[in-house]
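Residue-level structure breakdown
Here is what each chain is made of, one letter per residue.
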Amino acid sequence: MAKRERLSGNEAVAIALRQINPDVFPAFPITPSTEIPQYFSTFVANGQVDTEFIPVESEHSSMSAAMGAEAAGARSVTATSSCGMALMWEVLYVAASDRLPLALTLVNRTLTGPININCDHSDSMGARDSGWLQVYAENNQEAYDNMVMAYRIAEHKDVRLPIMVCQDGFITSHAVENIILEDDETVKNFVGEYEPEAYLLNEKQPMSLGPYAISDYCMEAKRAQAQAMHNAKQVILDVAKEYEAITGRHYGLFEEYRMEDAEYAVVIIGSAAGTAKDAVDALRSQGMKAGLIKLRVFRPFPGKELAEALKHVKRVAVMDRAESYSDQGGPLGAELMAAMYRNKNTADAINVLYGLGGRDVRVEHMEELYRQLERGDLPEGYSYMGLRE
Amino acid sequence: MQTDMSKLHPGITWREITEGTRICAGGTSREFNTGEWTTVKAYIDEEKCKQCLLCVPVCPDSAIAVKDGRRLPVDRDHCKGCGICVKNCPFDAISMKEEERENG
Amino acid sequence: MEKTVEIRWHGRGGQGAKTAALLLADVAFQTGKYVQGFPEYGPERMGAPITAYNRISEKPIRVHSNIYEPDYVVVVDESLLDTIDVTKGLSRDGAIVVNTTSPKEEILKKLHHYEGKIYVIDARKVSMETIGQYFPNTPMLAAIVKVGGLMEEHEFLREMEASFKHKFARKPEVIEGNMNALKLAMKEVH
């Protein structure tokens, strides 16, 4: 029986991990993700899990240890935020190219500087080309559900890539909200045992992992890795379907909210999507055909599907909670607009940067943005929401 | 996922290359002739050699094998010609020479 | 409860304002409500002013912003009245609850241009008399539940007792004091 609860996002993910019972969890603390290994270490101390918990000396080490354990044949996980992830950078690429399906529960926090502990997506967006799968959550429920689904996606034979399960620092990680937890047995059966095909501790089959690949092989290896990312799209949908059959909660690559006849749309990632939904409802009641797309999966990027979903809108605002310093706006803006162009979607699009370093996003901000779309008062290039001019 | 070693060649396509370029097989370095990397190789003067075996552990390429307590001739397919064995031999029994193609 | 009730807590780091907000979320959840309880995080440390928030609703809550137009404001530390505009955005139909030994009239003098309802409670007195130590968050929690009519009193007391039994499983002797603090606070707030 599923259970109604009230938990913070960090507690919810820690409980999902207790239910998954991974083999190895190396961790180094950093705000706001610290609570996840903190809660989990109490599960270890209480004997509620069989996990080998390894306190390490840095995030470079936590990712290296997680990767090493995964290569050895263990299901592994680690947690981090912001600069902690920046220190993992080198190893992120190695884990992905070695095709090791470990999980990273990332609590999004801005990258310094200025130094700040609050939410934006600059940490994970910076790692968008590292070859990791990336899923994002609007609230605690989604953070929990995404964690439960993570290994089924990552370990699938057509994928075998590491997965980053992201949630917004403080906004969901430290907020207590209602949530439905599946029971331990349901999660255990859904996730299943990890049975790697090739692993270093298999004495029957010696293996070299991560060998030097000269130019004759390196490009083919990268192309094969790109194919795994392509395959992930279908696997994510299949796993979501199976999860829905058990829980009744539906997940896709993105969620369309009141998009059926929408003329003015916003595309957004993470916790601000909930706030935007309230704005959509308010504007709909005033007669505006407003709609919202909440992107759940950023890697692989569902460009074609998004362009299709935006086919009939007049204007769209693509929201980025990360600066690219590209003089072109943010990463979601760049990728989605490229996808729209490729798919011959000619809706007017603007790219809006918002919520940097924890800048609060209010319903009123979102309403004003929709009105701006309706007026057609679109700035050239890109703009900022909630910024003091 | 046994790696088919015949596929590990520069003509391999991205569809065929192993996942993560893994090599799932043991002793595969034997198939890689690092002996091609040099023009000079170690030759052991059988008269001077006392079978002390001090050349064996210092060879970085394991090109001097031991059988029944005695070393075998230098494995020309894998000797890279570094000359460490020459420096290490207490009896000046090893020297570096251009490869003698006829008798190996 | 027709619309979502929004509450803003003002306290100082270490006084338990955040804990009180999380406890309120907890107890409202237990009575079948949809809840949010969250602190506003900064580099604050012990003694620094902190803000925490609650939303309580009959319907699922989707908004994830801070609260700017609260229905209720709870001030756990009176000294904050001198430095923080605690009634900012406070709904005219709402109320402010202040932990103080002063009468309402004195407090109102510090709340410039505030014309809404005000309630006061001496949380120190309540806490000392019942728990024997100064924990302002327990009386303030009871005070806001009473003032806001957030739930039935007996429901609140029943759920709090269950929560204390869980929380203080290893020192059950403190449960009675905490329960008395809640009951006394509900009488004392005025």
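This structure is a prediction, so every number in the text was calculated from the model and none was measured.

Let us look at the packing of aromatic side chains. Residue and element names in this part refer to chain A. On inspection of all chains with the given rule, the structure shows nine aromatic pairs over all chains. Each ring, one from Phe40 and one from Phe43, has its centre 6.1 Å from the other, and the planes form 80°; the classification is edge-to-face. One end of the pair, Phe40, and the other, Phe43, are both in helix H2 (residues 35-45), three residues apart, so they sit about a helical turn from each other. An identical accessibility class is assigned to Phe40 and Phe43; each is buried.

All names here are of chain A. Note that the residue after Thr31, namely Pro32, is joined by a cis bond; omega there is 0°. With respect to the helices and strands, the residue Pro32 is situated in the loop between strand S2 (24-27) and H2. A positive phi angle, close to 50°, is found at Tyr325, a residue other than glycine. With respect to the secondary-structure elements, Tyr325 resides in the loop between strand S13 (315-320) and helix H11 (331-342). The class of Tyr325 is exposed, set by a relative accessible area of 69%.

Within the largest apolar cluster, 93 residues are counted, with the highest numbers of intra-cluster contacts made by Met147 and Leu310 of chain A. Of the residues that make up this core, three or more belong to each of domain 1 (3-247) and domain 2 (254-384) of chain A.

Before going further, it helps to examine the arrangement of the chains. Inter-chain contacts occur across two pairs of chains; the most extensive set of contacts lies between chains A and C. At no point do chain B and chain C touch; the closest pair of C-alpha atoms across them sits 41 Å apart.

On to the domain arrangement of chain A. All names here are of chain A. Under the domain assignment used here, chain A contains domain 1 (3-247) and domain 2 (254-384). Centre-to-centre separation of domain 1 and domain 2, based on C-alpha positions: 27 Å. Taken together, the 27 residues of domain 1 in the interface contact 27 residues of domain 2. When the area that domain 1 buries against domain 2 is broken down by residue, the three leading residues are Arg128, Glu138 and Lys233, summing to 28%. Here domain 1 is connected to domain 2 by seven salt bridges. Note that Glu335 is salt-bridged to Arg128, the shortest N-O span being 4.0 Å. Across the contact surface, domain 1 and domain 2 share 14 residue pairs in polar contact (both at pLDDT 80 or more). When contributions to the side of domain 1 that touches domain 2 are tallied by element, the ones reaching two or more residues are helix H5 (122-126), strand S6 (133-136), helix H6 (140-154) and helix H8 (215-247).

Criteria and thresholds
Residues numbered from 1 in each chain as written. Chains lettered and ligands numbered in written order. Predicted model: local features only at pLDDT ≥ 70, side-chain atom pairs only at ≥ 80, totals over all residues. Heavy atoms only, no water. Phe/Tyr/Trp six-rings, centres within 6.5 Å; stacked < 30°, edge-to-face > 60°. Helix = DSSP H or I, 4+ residues; strand = E, 2+ residues; numbered from the N terminus. Buried < 20%, exposed > 50% of the residue type's maximum accessible area, 1.4 Å probe, protein only. Core = buried A, V, L, I, M, F, W, Y, C linked by side-chain atoms within 4.5 Å. Domains from an automatic or database assignment. Contact = heavy atoms within 4.5 Å. Buried area = accessible area lost by both parts, 1.4 Å probe. Salt bridge = Lys/Arg side-chain N within 4 Å of Asp/Glu carboxyl O. Polar contact = N/O pair within 3.5 Å; in protein donor to acceptor, adjacent residues only side chain to side chain.

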